[in-house]
Amino acid sequence: MRAGLSAGLAALALAGCATAGTGPAARTAAATVVTVQARGETAAVATANADAADDPAIWRNPADPAASLIVATDKQAGLHVYGLDGTDRSFLDAGRVNNVDLRDMGAAGIIVAASDRGDPLHAKLALFRLDPATATLTPLARIDVGAGEAYGVCLYREGAVLHAFNIIKDGTIRQIELSLVGGAAQGRIVREMKLGTQSEGCVTDERTHQLYVAEEDVGIWRFDARAAGSTAPIRVAAADGVHLVADAEGLAIAASGPRDGGYLVVSSQGDSAYALYRLSDDSYVGRFRIVAGKVGGTEETDGIEIATGDFGPGFPGGLMVVQDGVNPPRAQNFKLLAWGDVARALRLPR
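The present account deals with the structure reproduced in this document. (Residues numbered from 1 in each chain as written. Predicted model: local features only at pLDDT ≥ 70, side-chain atom pairs only at ≥ 80, totals over all residues. Heavy atoms only, no water.)

**Examining the layout of surface pockets**
Operational definition: With a 1 Å grid laid over protein atoms only, a set of points is called a cavity when a 1.4 Å probe fits there but cannot get out and a pocket when it is open yet has protein on both sides within 12 Å along at least five of seven lines; lining residues have an atom within 4 Å of a point. Grid points are joined across faces, edges and corners, and a volume is the space filled by probe spheres set on the points. In this description a helix means any DSSP run of H or I spanning at least four residues, a strand means any run of E spanning at least two, and both kinds are numbered starting from the N terminus. Basically, the charged four are Asp, Glu, Lys and Arg, the nonpolar ten are Ala, Val, Leu, Ile, Met, Phe, Trp, Tyr, Cys and Pro, and anything else, Gly included, counts as polar.
A volume near 790 Å³ is recorded for the largest pocket. Around the largest pocket, the lining comprises 37 residues; the ones closest to its centre are Asp101, Leu102, Arg103, Glu305 and Ile306. Elements with a minimum of two residues in the lining of the largest pocket: strand S3 (53-59), strand S7 (97-104), strand S11 (150-158), strand S15 (199-205), strand S19 (248-255) and strand S23 (304-308). Classifying every residue of the lining of the largest pocket by side-chain character gives 17 nonpolar, six polar and 14 charged.

Here it is in structure tokens:
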């Protein structure tokens, strides 16, 4: 996972230099990187002096986008719910939950799923319901998802049915069909896929029924997310030390334009940068790094999330939330960016 605090501080020192590649990437002729500043940050997680903050998920309030919420993990302790002003609205002692995702399922509520790694030999999927009025989480179920250590999780809606993909640390991927009836939650494994080595980050594109998974030292793969689809992986990008520097960590979709329009964004943890790939053809687009400005920059990022659209005047073009692995003198936290700032820096078409 992380190279450690000393490497993170070195990356911080180099991040403010020119927009050409710096740090570990420079030694491997990394591709050019532009810089962006965050517009806000969350309160630090409560677990100090540890690798704790890990992965965020975004709930957009359709009635008042500026009142949207961020659910994020302290993987040593539980789940925080933050406002867009960064305040910690609530915390749930949920144990060692690693990655998180959510979906608004209408009458069934806003369903939050987290990978529960409390037992490293036996994975579980932890489910919660988010109350947007109080910004609190209510536990629903812990579902057994088989042998291994639960690492990544992402949700996928196929028609009216909600599925969860649990990424096991050894690269096993299990798809769980969820039943949300009468306030309860149950799940059953409907298929299994496999990558060769340690994997974690994942995201789905429901428009095109694609599942993207990060195999940390190898690169990015995609699968057919449909339960009846192929289980064969297709390579999207290699951790080549040029465009993507291992570990390949968090994944997010920045959707735009036509059905397959937008970008896959990847945390290039090895050089504290982020790489973009075009969803329509998997082609490389560019890289950026988050540097200090109104708030600090980011280093050694694990989880990321992006939601395009209206999030109020503070976040034009959408919201990007990024885990910050080195945040002295406080514990780790999450930085908040306007997606419009990223698009402008990379000169993405509007």
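Back to the text.
**Some words on the packing of aromatic side chains**
As a reminder, the rule being used: Pairing of aromatic side chains here covers Phe, Tyr and the six-membered ring of Trp, requires ring centres within 6.5 Å, and sorts the geometry by plane angle: under 30 degrees stacked, over 60 edge-to-face, intermediate tilted. Relative accessibility thresholds used throughout: buried, under 20% of the residue-type maximum; exposed, over 50%; partly exposed, between the two (1.4 Å probe, protein chains only).
All told, the structure shown has four aromatic pairs when counted by the stated rule. With a centroid separation of 5.0 Å and an interplanar angle of 25°, the aromatic rings of tyrosine 274 and phenylalanine 288 are classed as stacked. You can see tyrosine 274 sitting in strand S21 (residues 273-278) and its partner phenylalanine 288 sitting in strand S22 (residues 284-291), a full 14 residues away along the chain. Take tyrosine 274 and phenylalanine 288: they sit in the same class, and that class is buried.

**So, the state of the cysteines**
Under the convention used in this document: Only a pair of cysteine sulfur atoms within 2.5 Å qualifies as a disulfide here.
For the coordinates displayed, the defined rule picks out one disulfide. There is a disulfide in this structure between cysteine 154 and cysteine 202, and the S-S distance comes to 2.3 Å. Between cysteine 154 and cysteine 202 the sulfur-sulfur dihedral comes to about -125°; the bridge is accordingly left-handed. Residue cysteine 154 is located in strand S11, and its partner cysteine 202 is located in strand S15; the two are separated by 48 residues in the primary sequence.

**So, the side chain of asparagine 98**
How we decide: Pairs of N or O atoms within 3.5 Å make up the polar contacts considered here, provided that, within protein, one atom can donate a hydrogen while the other can accept it, and that residues adjacent in sequence are counted only when both atoms are side-chain atoms.
Positionally, asparagine 98 belongs in strand S7. Only 3.0 Å separates the side chain of asparagine 98 from the side chain of arginine 117, close enough to count as a polar contact.

**Some details on the pattern of salt bridges**
For clarity, the threshold we go by: Between Lys or Arg on one side and Asp or Glu on the other, a salt bridge is scored when a side-chain nitrogen of the former is within 4 Å of a carboxyl oxygen of the latter.
Going through the model one piece at a time under the given rule, you end up with 20 salt bridges. The partner of aspartate 282 in a salt bridge is arginine 222, with the nearest N and O atoms 3.1 Å apart. One end of the pair, aspartate 282, is in the loop between S21 and S22; the other, arginine 222, is in strand S17 (residues 219-224), with 60 residues separating them in the sequence. Taking relative accessible area as the criterion, arginine 222 reaches 21% and is therefore assigned partly exposed. Among the ionic pairs, arginine 344 bridges to aspartate 341, the shortest N-O distance being 3.0 Å. A residue pair is termed a helical-turn pair when its members lie 3 or 4 positions apart in one helix, as arginine 344 and aspartate 341 do in helix H2 (residues 339-345) at three residues.

**Digging into the sheet that holds strand S14 (residues 186-194)**
We count it as follows: At least two bridges found by DSSP between two strands is the condition for calling them paired. Axes here refer to lines fitted to C-alpha atoms; in helices the fit is confined to the stretch in contact. Angles between the N-to-C directions go from 0 to 180 degrees.
Taken together, the four strands give an open sheet; going across it, the order is S11-S12-S13-S14, and neighbouring strands pair in antiparallel fashion. Of all strands in the sheet, those bounded by a partner on one side alone are S11 and S14. Put simply, the sheet's adjacent strands are angled 25° from each other on average, direction ignored. Two strands pair when backbone bridges link them, and strand S12 (residues 161-168) and strand S13 (residues 172-179) are joined in this way by six bridges, in the antiparallel orientation. For isoleucine 167, the partnering residue across the bridge sits in S13 and is isoleucine 173.

Worth remembering: the numbers are spatial, not functional.
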